Amino acid sequence: MSNIARRKFLQISAVAAAGVIAFPGREAQAGDLPHVSVDDPLAAGLKYTHDASTVDPATRTQPAAEQNCANCQLVQGNDGDAWRPCQLFPGKAVAAKGWCSAWVPKA
Ligand code: SF4
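Predicted model, so just to flag it, every value in this text is computed and none were measured. (Residues numbered from 1 in each chain as written. Predicted model: local features only at pLDDT ≥ 70, side-chain atom pairs only at ≥ 80, totals over all residues. Heavy atoms only, no water.)

Further remarks concern the overall build of the protein. For the protein, the helix and strand inventory stands at 2 helices and 2 strands. Along the protein, helices (α) and strands (β) appear in the sequence α-α-β-β when read from the amino end. Counting contacts in the protein only where the partners sit at least 6 residues apart, residues at least 24 apart contribute 63% of the total. Total accessible area computed for the protein in this model is approximately 7100 Å², and 60% of it derives from carbon and sulfur atoms. (Helix = DSSP H or I, 4+ residues; strand = E, 2+ residues; numbered from the N terminus. Contact = heavy atoms within 4.5 Å. Areas by Shrake-Rupley, 256 points an atom, 1.4 Å probe, with all protein chains shown as cover.)

This is how it looks when you write it as structure tokens:
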């Protein structure tokens with residue numbers, strides 16, 4: 001390895017190491033994630049909506065009275081956040097007051 005290549009390698013390594021030190025264990029926060037679009041093919045297939053109140057309860061496959069992303073088993077992140085990660089939409093956030101047909105009651 002030439003001196004120039006070695007120097008460049010060390011610079012890149014130092015920058016990478018600094019990133020690990022500055023943000024140890026940092027995971028993507030819901031606020032960092034783009035919101036899932038209702039036009040997303042998976043979202044559309046699951047009848048996802050940002051507002052569960054727009055869904056006729058009679059059309060739901062499960063009869064639970066109040067269903068929204070905040071009380072779904074598949075939601076992640078923190079209670080109280082308006083937008084949260086969902087296991088079905090990696091890298092995207094769903095509305096806490098949203099809903100889709102894959103809703104599962106929390107155990
Ligand atoms: Fe919301 Fe649950 Fe559907 Fe994810 S799976 S979009 S949290 S209802």
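Before going further, it helps to spend a moment on the pattern of salt bridges. Applying the stated criterion to the full structure yields 2 salt bridges. Between D40 and K92 there is a salt bridge, and its shortest N-O distance comes to 3.6 Å. Residue D40 is found in the loop between α1 (3-22) and α2 (41-45), and its partner K92 is found in the loop between β1 (83-85) and β2 (93-95); the two are separated by 52 residues along the sequence. Residue class for K92 comes out partly exposed when judged on its relative accessible area of 28%. Salt-bridge contacts for D79 lead to R84; the nearest nitrogen and oxygen are separated by 3.3 Å. (Salt bridge = Lys/Arg side-chain N within 4 Å of Asp/Glu carboxyl O. Buried < 20%, exposed > 50% of the residue type's maximum accessible area, 1.4 Å probe, protein only.)

Under the relative-accessibility criterion, D40 is labelled buried at 18%. In this view, D40 contacts F89 and K92; residues no more than four positions away in its chain are not counted.

Another aspect to go through is the site of the ligand. Near the ligand you find Y48, C69, C72, L74, V75, C86, L88, F89, V94, C100 and W103, and these make up its full shell. When the residues that make up the shell around the ligand are grouped by side-chain class, the tally is 11 nonpolar, no polar and no charged. (Near = heavy atom within 4 Å. Nonpolar A, V, L, I, M, F, W, Y, C, P; charged D, E, K, R; others polar.)

Considering soluble globular proteins, one finds that nonpolar side chains tend to be buried as a cluster. Judged by nonpolar contacts, the single largest core of 17 residues is most densely connected at V36, A43, Y48, C86, F89, V94 and W99. Look past the residues within four positions of A43 in its chain and what remains in contact with it is V36, S37, V38, Y48 and F89. (Core = buried A, V, L, I, M, F, W, Y, C linked by side-chain atoms within 4.5 Å.)

What follows is about the environment of N68. Within the fold, N68 resides in the loop between α2 and β1. On a C-alpha basis, the gap between N68 and S53 in space is 8.7 Å, while along the polypeptide they are 15 residues apart.

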